[in-house]
Amino acid sequence: MGKIIAVTNQKGGVGKTTTAVNLSSMVAAKGYQVLIVDLDPQGNTTSSFGISKKNVEHGTYHLIIGKSNAEQAIIHTEYKVDVIPSNIQLSGATVELIEMDKRENRLRQGLASVVDQYDFIFIDCPPALDLLTLNGLCAADTVLVPIQCEFFALEGLSELMNTVRNVKKMYNRYLELEGILFTMYDGRLNLTLQVVQEVKKFFGDKVFQTTIPRNVRLAESPSYGMPVNYYDKSSRGTKAYDALAEELLQRSR
């Protein structure tokens, strides 16, 4: 059975989608069967794999609402990663879910038929603690949290961990923390080192040793519709996500 990892942070602009896209691509490049679920109505993961958001006939929205099954929604890409795509339609799902039975488990139920086909399933959650994120956390085995090295990241991390604890208590008792990942990392800044020290004090070995630097190639690759390891194999961003994939695989073993 595949390991399901929700990549989430309610704060936007922390490298959440960048991490979901490039980590999944790196794991797939190492020979594992990988699926990524775009659970964000912005659909940035979808376009990062070169998939047109306008032409999505079966996607995460249809899967959650029950109009399509996972097999119909999956798109096989040239980057060895399968994608369940998303677009702005998904934003309407939060309203429709309110009246549904077991609304927090709709994604988990939708993925049940394909979970055995993959080694890893990554869920790119939206930057909000809403019903969509709740579905991502209820479907997941673990949570991977990318954060920037800034003061407000600590406040957001505290709120998110409270949510994870509540979800574990009420809906998904198997949910665990995969790890905390520092993104847009600059070790020359004192604030960066202070934030890292503070987070490590609370989370210990749950903090990934790998850090993701600010990198122009990471910012450019989505506009070309490809993960960074296909856009520029020698970039610092590629090397960082390759190291993160190795660390994740070691933990998973």
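Before reading on, note that the structure itself is shown above.
Position labels on residues start from 1 in each chain and follow its written sequence. Per-residue local features are limited, in this predicted model, to residues with pLDDT of at least 70; the limit for side-chain atom pairs, both in listing and counting, is 80 or more; totals at the level of whole chains, interfaces and linings are taken over all residues. Only hydrogens and water are set aside when side-chain values are computed; all heavy atoms of the structure are taken into account.

Student: Help me out: how do you make sense of the nonpolar core in this one?
Tutor: When a protein is soluble and globular, its nonpolar side chains tend to lie buried together. The nonpolar core is taken to be a set of buried Ala, Val, Leu, Ile, Met, Phe, Trp, Tyr and Cys residues, with the residues joined through side-chain atoms within 4.5 Å. Note on exposure labels: buried denotes an accessible area under 20% of the residue type's maximum, exposed denotes more than 50%, and partly exposed covers the range between, all computed with a 1.4 Å probe on protein chains only. One finds Leu35, Leu107 and Leu111 to be the most contacted residues of the largest nonpolar core, which totals 50 residues. Sequence-distant contacts of Leu35, defined by excluding residues within four places in its chain, comprise Ile74, Asp82, Val83, Ile84, Leu111, Val114, Tyr118, Phe120, Ile121 and Phe122. Core analysis: the next-biggest nonpolar cluster, separate from the first, contains 29 residues, Val7, Ile51, Phe122 and Leu218 among them. In this description, contact between two residues means that some pair of their heavy atoms is separated by no more than 4.5 Å.

Student: How should I be thinking about a nonpolar patch on the surface in this particular structure?
Tutor: A contiguous nonpolar patch, built from Phe151, Phe152 and Leu191 and spanning about 320 Å² of accessible area, is present on the exposed surface. Secondary structure elements follow DSSP: runs of H or I of four or more residues count as helices, runs of E of two or more count as strands, with numbering from the N terminus. For Phe151, the position within the fold is in helix 8 (residues 151-170). Patches draw on residues past 30% relative accessible area with no salt bridge. Two like charges within 9 Å are joined, as are two nonpolar side chains (Val, Leu, Ile, Met, Phe, Trp, Tyr) within 5 Å. Surface exposure here means Shrake-Rupley accessible area, sampled with a 1.4 Å probe, where a residue is shielded only by the protein chains that are shown. Every case where a carboxyl oxygen of Asp or Glu lies within 4 Å of a side-chain nitrogen of Lys or Arg is listed as a salt bridge.

Student: When you look at the pattern of salt bridges in this model, what are you seeing that I'm missing?
Tutor: Pairing between side chains becomes possible if they bear opposite charge and their charged atoms approach one another. Following the criterion strictly, the structure yields 10 salt bridges and no others. Note that Glu178 and Lys3 form a salt bridge whose closest N and O atoms lie 2.8 Å from each other. Taken as a pair, Glu178 in strand 7 (residues 176-185) and Lys3 in strand 1 (residues 3-7) lie far apart in primary sequence, 175 residues in all. Salt bridges sharing common partners tie together Lys16, Asp40 and Asp124.

Student: When you look at the sheet that holds strand 8 (residues 207-213) in this model, what are you seeing that I'm missing?
Tutor: The pairing of strands in a sheet happens through backbone hydrogen bonds and is either parallel or antiparallel. We treat two strands as partners when DSSP finds at least two bridges between them. Judged by pairing direction, the sheet is mixed, and its eight strands sit side by side in the order 3-4-2-5-1-6-7-8 without closing on themselves. The sheet terminates laterally at strand 3 (75-76) and strand 8, the two strands that pair on one side only. The pairing of strand 6 (residues 142-148) with strand 7 spans seven bridges and is parallel. Residue Gln148 lies in a different strand from strand 7, and its bridge partner there is Thr183. Lines are fitted to the C-alpha atoms to define the axes, a helix being fitted only along its stretch in contact, and any angle between axes, read from their N-to-C directions, falls within 0 to 180 degrees. The strands touched by helix 1 (residues 16-29) within the sheet are strand 1, strand 2 (34-38), strand 4 (81-84), strand 5 (120-124), strand 6 and strand 7, with strand 5 carrying the most contacts at an inclination of about 165°. Helix-sheet contacts for helix 8 involve strand 6 and strand 7, and the interaxial angle to strand 6 is about 170°.

Student: Looking at this model, I keep getting lost on the side chain of Glu247. Mind explaining?
Tutor: Mapped onto the elements, Glu247 comes out in helix 12 (residues 236-252). Sequence-distant contacts of Glu247, defined by excluding residues within four places in its chain, comprise Phe208, Gln209 and Thr210.

Student: Explain the state of the cysteines here, please?
Tutor: Every disulfide links exactly two cysteines, by a covalent bond between their sulfur atoms. What counts as a disulfide here is a pair of cysteine sulfur atoms lying within 2.5 Å. Evaluated as defined, the whole model comprises zero disulfides. Cys138 takes part in no disulfide bond, and the closest cysteine sulfur to it belongs to Cys125, at a distance of 10 Å. Given a relative accessible area of 1%, Cys138 falls into the buried group.

Student: Would you take a moment to explain helix 12 for this structure?
Tutor: Counting along an α-helix, one turn takes 3.6 residues, and residues three or four places apart therefore face a common direction. Taking 1.5 Å of rise per residue, the 17 residues of helix 12 would be expected to cover 24 Å, and the 24 Å separating its terminal C-alpha atoms lies within 8% of that figure. Listed as buried for helix 12 are Gly237, Thr238, Ala240, Tyr241, Leu244, Ala245, Glu247, Leu248 and Leu249. In a helix, the anticipated span is given by 1.5 Å times the number of residues less one.

Student: What is the right way to read the packing of aromatic side chains from this model?
Tutor: The way to describe two aromatic rings as a pair is by their centre distance and the angle between their planes. Classification of ring pairs rests on two measures: the distance between centres of Phe, Tyr or Trp rings, Trp counted by its six-membered ring, which must be within 6.5 Å, and the angle between planes, read as stacked under 30 degrees, edge-to-face over 60 and tilted in between. Using the criterion set out here, one finds five aromatic pairs in the structure. Ring centres 5.8 Å apart and planes at 75° place the aromatic pair Tyr32 and Phe120 in the edge-to-face group. Of the two residues, Tyr32 is situated in the loop between helix 1 and strand 2 and Phe120 in strand 5; the sequence distance between them amounts to 88 residues. Taking the relative accessible area as the measure of exposure, Tyr32 reaches 25% and is therefore partly exposed. The exposure class assigned to Phe120 is buried, which follows from its relative accessible area of 5%. With centroids separated by 6.3 Å and ring planes inclined at 50°, the aromatic side chains of Phe49 and Tyr79 adopt a geometry described as tilted. Taken together, the residues span a long stretch of sequence, with Phe49 in the loop between helix 2 (44-48) and helix 3 (60-65) and Tyr79 in the loop between strand 3 and strand 4 at a distance of 30 residues. Both residues of the pair, Phe49 and Tyr79, belong to the buried class. Taken together through their ring pairs, the aromatic side chains of Tyr32, Phe120 and Phe122 make up a single cluster. A cation over an aromatic ring shows up here: Arg251 above the ring of Phe208, its NZ or CZ 4.0 Å from the ring centre. A ring is scored as having a charge over it whenever the NZ atom of a lysine or the CZ atom of an arginine sits within 6 Å of its centre and within 35 degrees of its normal.

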